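# Structure assessment
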2 protein chains.
Amino acid sequence: MESVAKLAGVAPTTVSRALNHPDKVAQKTRDRITQVIQQTGYVPNLLAGGLASNKSRLIAVIVPSLVNIVYAETIQHFAKPMKEAGYQVLQGEVGYDLEEEEKLIAAVLSRRPDAIFLTGIHHSNNCRRQLLAANIPIVETWDVTPTPLDIVVGFSQEAVGKQTADFFYEKGYRKFAIVSAEDHRATLRNASFKKTLAAKGIENVAVSIVPGISNLELGRHAAAKLFDEGLHDSLIFCSSDTLAHGVLTEAQVRGISVPEDISIVGFGDQNFAAFTYPALTTVRIDRATMGRLSANALLCRLNNVDVTEKVIDLGFEIVVRDTA
Amino acid sequence: MESVAKLAGVAPTTVSRALNHPDKVAQKTRDRITQVIQQTGYVPNLLAGGLASNKSRLIAVIVPSLVNIVYAETIQHFAKPMKEAGYQVLQGEVGYDLEEEEKLIAAVLSRRPDAIFLTGIHHSNNCRRQLLAANIPIVETWDVTPTPLDIVVGFSQEAVGKQTADFFYEKGYRKFAIVSAEDHRATLRNASFKKTLAAKGIENVAVSIVPGISNLELGRHAAAKLFDEGLHDSLIFCSSDTLAHGVLTEAQVRGISVPEDISIVGFGDQNFAAFTYPALTTVRIDRATMGRLSANALLCRLNNVDVTEKVIDLGFEIVVRDTA
DNA sequence: TTGTACGCGTTATCAC
DNA sequence: GTGATAACGCGTACAA
């Protein structure tokens, strides 16, 4: 920066200003500086800038998995407005383990992010303490709670379980099963789903859990297990559209008709859900809005604009197509 | 750090050493310091550390798309060893536009990453200059070239096109079509595929291009267009497994038998490919190894270990299953 | 509108 | 094994 200043015949301060507050520098001076920057290929050092200004222009994003497309989509929609506002995203993958999250968060906070985006509302105590101590805007997502760390944007997992059970019960279904990943939020939905059914006198819900990630293969395996156990005439509530697609495929391979012999409900309404054959009935989660509103809330905080709603419940929608 | 030092009764220097070179500090002193850090919840400032040491412990990763799972997977495998070596990943999404890449790279370089991971080997001149000027280890991926910026780990797009055409020609196919995303690397494969067929006297290859991203829906649309135009008895070469899955679904919906009436070849061998019905014939790309070797190469450079192979061609494999 | 002087929190160097 | 000191490259209050 010093050399740029010299070449432009100004003080370093002026170069800094030309970059960060262009309106506070005379047109002519600014032009001269930009030209020198072009020629020299000067790249500002944001490490130094961040240290001096106490603003890193970095937003930390914590997700369970980079390869789970539903999180990737949320982040994409989150990152766009952030990028436009001049922030970069530092992404951390954390698995579904609370202790791992704690470590990652410590590592990430040492970069002094200006704000942080969290997936889920369950964190270890240590984690909560660190987060609060960082004293930066925080948005928690993919769930809701009356007591967020700062702001929460999501939907109620319990409500999904309950309303889905109610909805399909009223549609006339009396036999139910669950295919689910071993994921905290899915577990909440399942518990609520089963509880709701139990209240209606339906106690034996067959459950097939797949470990870790959701993919087509695991969906097929889980379904195969249920079918081998003699499951029929049931509605299978899946923890993701991907698993549901696997269940659908396995049914097809075995000549089991959907929705005549077996009904299937996915979760997420990913972009392929409307285009499987038959088209997948599912629970729509508005991931784009979740990302957008999260960004919005953080940007308000960062710009010292009052955030009126600290708890944003996006809700969800049961989308009936052809599999149930 | 200063307060930690005071509480532990040492100089700040010693705290820094205890953190970064623990072996250079007496056991007892170290224990005292770690204890104080626990109590106070001190979080080091990597911005300041980076500025002082000229090492950010940050690796920049540039990908076309966060939601394209094949890139996400590569990065996941890349990030793991990097994380274990104490580096964090700063991710940048760039679309398929060269100019956008240039801007993003400038933004990312201002964080002073210790190394950079690039997708593809085609960059604007400005971009190459900036990259070279940064004077850090660079790995380019998803393609090969005899003249990498630094290191390249990938496979030849042309070879994929050629060998796939040869292979299925020899299997007896004489009619071909292409379903492809509007993606630079896919375009290279397609050109090579068509050129190889042309050399065998096969000139009219029906092509259906989908804009931007690959998903099941677009695969179905592209296939629908081809089927509407009367395509039959052909082998459809797709630019991704996802598109191929869409083509497969559209065939199914229309009662077109696969592989009797139409054959389908995907690209990537994603984890669902073996589990579609019928199972997808495809071209396997070893994304895990690509990520791993990229990390390995960068770590060698970062540790001043000689990198013998600057061009690593991973190759690929045609995996014959049931759709062709 | 521009420049001066200082400090941000850490690490490298050198001395002890 | 430990401490003092000087950078690292920039932003900002204040002065001009």
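In this text the structure is predicted, and so the values were computed from the model without any measurement.

Let us now look at the overall build of chain A. Summing up its helical and strand segments, chain A has 12 helices and 12 strands in all. Relative to its length of 324 residues, chain A is extended, with a C-alpha radius of gyration of 25 Å against a globular reference of 20 Å. By its C-alpha atoms, chain A is 85 × 40 × 30 Å across when sized along the principal axes. Expressed as a percentage of its 324 residues, the buried residues of chain A come to 54%. Look at the contacts in chain A between residues 6 or more apart in sequence, and 68% of them connect residues 24 or more apart. The averaged location of the 36 negative side-chain charges in chain A is 9 Å from the averaged location of its 33 positive side-chain charges.

At an RMSD of 0.1 Å, chain B and chain A line up after a rotation of 180° and a shift of 0.0 Å along the axis. Overall, the copies show the geometry of a two-fold rotation axis. Of all interface residues in chain B, 100% are interface residues in chain A too; the two copies therefore contact each other through one and the same surface.

Quick look at the side chain of Arg111 of chain A now. As for its position among the elements, Arg111 of chain A is in the loop between helix 6 (98-109) and strand 3 (115-119). No salt bridge is formed by the buried Arg111 of chain A; the nearest opposite charge belongs to Asp114 of chain B, separated by 7.0 Å. Setting aside residues no more than four positions away along its own chain, Arg111 of chain A makes contact with Ser56, Leu58 and Leu90 of chain A together with Leu46, Leu47, Ser56, Arg57, Leu58 and Gln88 of chain B.

As a structural note, the neighbourhood of DNA strand D is formed by 23 residues, with Ser16, Asn20 and Tyr42 of chain A together with Thr14 and Thr29 of chain B the closest of them. At 3.0 Å, a backbone N or O of Ala11 of chain B approaches a phosphate oxygen of DNA strand D. Thr14 of chain B is positioned such that a nitrogen or oxygen atom in its side chain is 2.5 Å from a phosphate oxygen of DNA strand D. Sort the elements by how many residues they give to the surface near DNA strand D and helix 4 (residues 46-53) of chain A lands first, with four residues. A per-class count over the surface near DNA strand D returns 11 nonpolar, 10 polar and two charged.

Turning our attention to the sheet that holds strand 8 (residues 235-238) of chain A. All names here are of chain A. Taken in spatial order, the four strands line up as 7-6-8-9 in an open sheet, and their pairing is parallel. The open sheet has two edge strands with one neighbour each: strand 7 (206-210) and strand 9 (263-265). Across this sheet, the average inter-strand angle for adjacent strands is 15°, counted without regard to direction. Of the strand pairs in this sheet, strand 6 (residues 176-181) and strand 8 are connected by four bridges, and their pairing is parallel. Following the sheet pairing, Phe176 is matched in strand 8 by Leu235. Against the sheet, helix 9 (residues 184-199) makes contact with strand 6, strand 7 and strand 8, and its axis sits at roughly 170° relative to strand 6, the strand it touches most. Helix 10 (residues 216-228) rests against strand 6, strand 7 and strand 8 of the sheet, and its axis sits at about 150° to strand 7.

Of all hydrophobic cores here, the largest spans 88 residues; its most connected members are Phe176 and Leu235 of chain A together with Phe176 and Leu235 of chain B. If sequence neighbours within four positions are ignored, Phe176 of chain B has contacts with Phe168, Tyr169, Phe193, Leu197, Ile202, Asn204, Val205, Ala206, Ser234 and Leu235 of chain B. Listed in part, the 32 residues of the second largest apolar core include Ile105, Ile116 and Leu149 of chain A together with Ile62 of chain B.

What follows deals with the packing of aromatic side chains. Here the structure, examined in full by the defined rule, presents 16 aromatic pairs over all chains. Pairing Phe78 of chain B with Phe117 of chain B gives two aromatic rings, centres 4.6 Å apart and planes at 55°, and the pair type is tilted. Here Phe117 of chain B lies in strand 3 (residues 115-119) and Phe78 of chain B lies in helix 5 (residues 69-84), a separation of 39 residues in the sequence. Among the residues examined, Phe78 of chain B registers a relative accessible area of 0% and is labelled buried. With relative accessibility at 1%, the residue Phe117 of chain B sits in the buried group. Over the aromatic face of Phe267 of chain A sits the side chain of Arg189 of chain A, whose NZ or CZ is 3.6 Å from the ring centroid.

Right, let's talk about the interface of chain B and chain A for a bit. Contact residues are listed per partner, giving 45 residues for chain B and 45 residues for chain A. When residues of chain B are sorted by the area they lose upon contact with chain A, Leu47, Arg111 and Phe275 of chain B head the list and together hold 18% of the total. One can count one salt bridge joining chain B with chain A. Note that Glu100 of chain B is salt-bridged to Lys83 of chain A, the shortest N-O span being 4.0 Å. At the junction of chain B and chain A, the tally comes to 19 residue pairs in polar contact (both at pLDDT 80 or more). No other element matches the six residues that helix 5 of chain B contributes to the side of chain B that touches chain A. Residue composition of the side of chain B that touches chain A, grouped by class: 23 nonpolar, 13 polar and nine charged.

Here the focus is the pairing of strand 7 (residues 206-210) of chain B. As paired elements, strand 6 (residues 176-181) of chain B and strand 7 of chain B share five bridges and run parallel to each other. Counterpart to Ile178 of chain B in the pairing with strand 7 of chain B is Val207 of chain B.

What follows is about the domain arrangement of chain A. Residue and element names in this part refer to chain A. Partitioning chain A into domains gives domain 1 (2-44), domain 2 (56-155 + 287-315) and domain 3 (157-284). Taken together, the contact between domain 2 and domain 3 spans 13 residues of the former and 11 residues of the latter. For the pair domain 2 and domain 3, the two sides together bury roughly 980 Å², of which 49% comes from carbon and sulfur. The largest share of the area that domain 2 buries against domain 3 comes from Tyr96, Phe155 and Arg287, three residues that together contribute 42% of it. Taken together, the connections running from domain 2 to domain 3 amount to zero salt bridges. Remark: the boundary between domain 2 and domain 3 carries six residue pairs in polar contact (both at pLDDT 80 or more). Broken down by element, the residue count for the side of domain 2 that touches domain 3 peaks at four residues, all from helix 5 (residues 69-84).

Moving on, we get to the UniProt feature "domain: HTH lacI-type" (unreviewed entry) in chain A. The UniProt record annotates "domain: HTH lacI-type" (unreviewed entry) at residues 1-53 of chain A. End C-alpha to end C-alpha, residues 1-53 of chain A measures 16 Å, and it is 72% helix and 0% strand.

Take the protein's contact with DNA strand C next. The local shell around DNA strand C holds 23 residues, among which Thr13 and Thr29 of chain A together with Ser16, Asn20 and Tyr42 of chain B are the closest. Protein-adjacent atoms of DNA strand C, using a 4 Å cutoff, are sugar or phosphate at a proportion of 65%. Between DNA strand C and Ala26 of chain A there is a distance of 2.9 Å, counted from a phosphate oxygen to a backbone nitrogen or oxygen. At 3.1 Å from a phosphate oxygen of DNA strand C is found a main-chain nitrogen or oxygen belonging to Asn45 of chain B. Elements with a minimum of two residues in the surface near DNA strand C: helix 2 (12-20) and helix 4 of chain A together with helix 2 (12-20) and helix 4 (46-53) of chain B. The leading source of residues in the surface near DNA strand C is helix 4 of chain B, at four residues.

Cut-offs and rules
Residues numbered from 1 in each chain as written. Chains lettered and ligands numbered in written order. Predicted model: local features only at pLDDT ≥ 70, side-chain atom pairs only at ≥ 80, totals over all residues. Heavy atoms only, no water. Helix = DSSP H or I, 4+ residues; strand = E, 2+ residues; numbered from the N terminus. Rg over C-alpha atoms; globule rule 2.2 N^0.38 Å. Buried < 20%, exposed > 50% of the residue type's maximum accessible area, 1.4 Å probe, protein only. Contact = heavy atoms within 4.5 Å. Lys, Arg positive; Asp, Glu negative; His and termini not counted. Charge placed at Lys NZ, Arg CZ, Asp CG, Glu CD. Least-squares fit on C-alpha atoms with pLDDT ≥ 70 in both. Salt bridge = Lys/Arg side-chain N within 4 Å of Asp/Glu carboxyl O. Near = heavy atom within 4 Å. Polar contact = N/O pair within 3.5 Å; in protein donor to acceptor, adjacent residues only side chain to side chain. Nonpolar A, V, L, I, M, F, W, Y, C, P; charged D, E, K, R; others polar. Pairing = 2+ DSSP bridges. Axes fitted to C-alpha atoms, helices over the stretch in contact; angles between N-to-C directions. Core = buried A, V, L, I, M, F, W, Y, C linked by side-chain atoms within 4.5 Å. Phe/Tyr/Trp six-rings, centres within 6.5 Å; stacked < 30°, edge-to-face > 60°. Lys NZ or Arg CZ within 6 Å of the ring centre and 35° of its normal. Buried area = accessible area lost by both parts, 1.4 Å probe. Domains from an automatic or database assignment. UniProt positions renumbered as here; feature names shortened; annotations may be inferred.

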